[in-house]
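Coordinates in review
If you want the building blocks of each chain, they are given just below.
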Amino acid sequence: MTTTESDAPTAAGSGSSASQAFRTAAREATAVPPERVDEVARAVLAGVHQAIREHDVTYPEFQAAKQWLMDVGEGGEWPLFLDVFVEHVVEEVAARTQDGTKGSIQGPYYLPGQAKLPWQAALPMRPGEKGTPLVFTGQVRDVAGDPVAAAELDVWHADDDGYYSGFAPGIPDGNLRGVVVSNGHGWFEITSVRPAPYQIPTDGPTGKLIAAAGWHAWRPAHLHLIVRAPGYRTITTQLYFPGGEWLDSDVAEATKPELVLDLRPQEDGPLRAEYDFVLERA
Ligand code: DHB
Ligand code: FE
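Here is what the cut-offs are and how they apply
- Residues numbered from 1 in each chain as written.
- Chains lettered and ligands numbered in written order.
- Predicted model: local features only at pLDDT ≥ 70, side-chain atom pairs only at ≥ 80, totals over all residues.
- Heavy atoms only, no water.
- Core = buried A, V, L, I, M, F, W, Y, C linked by side-chain atoms within 4.5 Å.
- Buried < 20%, exposed > 50% of the residue type's maximum accessible area, 1.4 Å probe, protein only.
- Helix = DSSP H or I, 4+ residues; strand = E, 2+ residues; numbered from the N terminus.
- Contact = heavy atoms within 4.5 Å.
- Pairing = 2+ DSSP bridges.
- Near = heavy atom within 4 Å.
- Polar contact = N/O pair within 3.5 Å; in protein donor to acceptor, adjacent residues only side chain to side chain.
- Areas by Shrake-Rupley, 256 points an atom, 1.4 Å probe, with all protein chains shown as cover.

1. Observations concerning the nonpolar core
Judged by nonpolar contacts, the single largest core of 34 residues is most densely connected at Phe136, Val140, Leu153, Leu225 and Phe277. Within the residue set of this core, elements represented by two or more residues are β3 (133–142), β4 (152–157), β6 (187–193), β9 (222–228), β10 (235–240), β12 (271–274) and β13 (277–279). Those residues in contact with Phe136 that lie beyond four places of it in its chain are Phe188, Glu189, Ile190, Leu223, Leu225, Leu239, Leu261, Ala273, Glu274, Tyr275 and Phe277. By size, the runner-up hydrophobic cluster in this structure holds 16 residues, among which are Ala21, Tyr109, Tyr164 and Ile200.

Spelled out as structure tokens, the structure:
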């Protein structure tokens, strides 16, 4: 396939694709009771009011903020913005009652229904997929240390340019995504390529805010995983590369020291990374 300027993968449009994915995801309808809406909405508004008072926010600044909020909505970037700047705290609250492998944010780029793959498998990739070959191995166990067979490792990650299939144009559907099923010993061995660090699209309203505030827009390179098995609590998490750039300054604040892969030292061949997952009973 030839790529022209217009269909070469770029970050532009990733935000609005994420909005579409969010709208079409099957999700349980949550009826939030009025007392709860009152309590939380009141607290959020009080936080905004306090920031305005504390920082003497002016009318022109208020109008600029209004314009920006409208742009985020019209650009379809709310899922992207909220997952970068807010989700990590929701995850922190959820983690208060969670044992086993630490969780992390899901982010805006999960797509359900990917190909089911055996315990030893390569993720779907383009012929000659660019990047350092990666073999990611490990075991799924329960909190008692017993292997969990037939656990699903729903994996997705960015390519060597930091783009996700399904969200940036020019990448085949399902690329670098798959559901790998652990074997009778709980083992898995996933062949892929090392993802590049991810940059929040700089051309949309979220990127504009980041630039206007003088922040950086980077997340360290990461693998996304949802690990599930019948009778166990599902874990949504991310794994990072030791020493990776932005590991200590993730814009999404979604790193944890426990979520760093073990890299096996080696002379040649693919990069070998290991991680074992621990599931608690549901
Ligand atoms: C965002 C992107 C990611 O790849 C991720 O893991 C978390 C958040 C985002 O742009 O919102
Ligand atoms: Fe990501």
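And the narrative resumes.
2. So, the sheet that holds strand β5 (residues 177–181)
Here five strands make up an open sheet; going across it, the order is β1-β5-β4-β9-β10 and the pairing mixed. The sheet is open, and its two edges are formed by β1 (116–117) and β10, each paired on a single side. Bridging between β4 and β9 involves six bridges; their strand directions are antiparallel. Within the sheet, the bridge partner assigned to Glu152 lies in β9 and is Arg228.

3. A look at the site of ligand 1
Residues in close proximity to ligand 1 total 13 residues, the closest being Leu80, Val84, Tyr164, Tyr198 and Arg219. Measuring from an oxygen atom of ligand 1, one finds a side-chain N or O atom of Tyr164 at 2.9 Å. Contacts to ligand 1 include Arg219, whose side-chain N or O atom sits 2.7 Å from an oxygen atom. For ligand 1, whose unbound accessible area comes to 290 Å², protein coverage reaches 100%. Among the secondary structure elements, those contributing two or more residues to the shell around ligand 1 are α4 (78–85) and β9.

Spatial relationships are all this shows, so hold off on functional conclusions.
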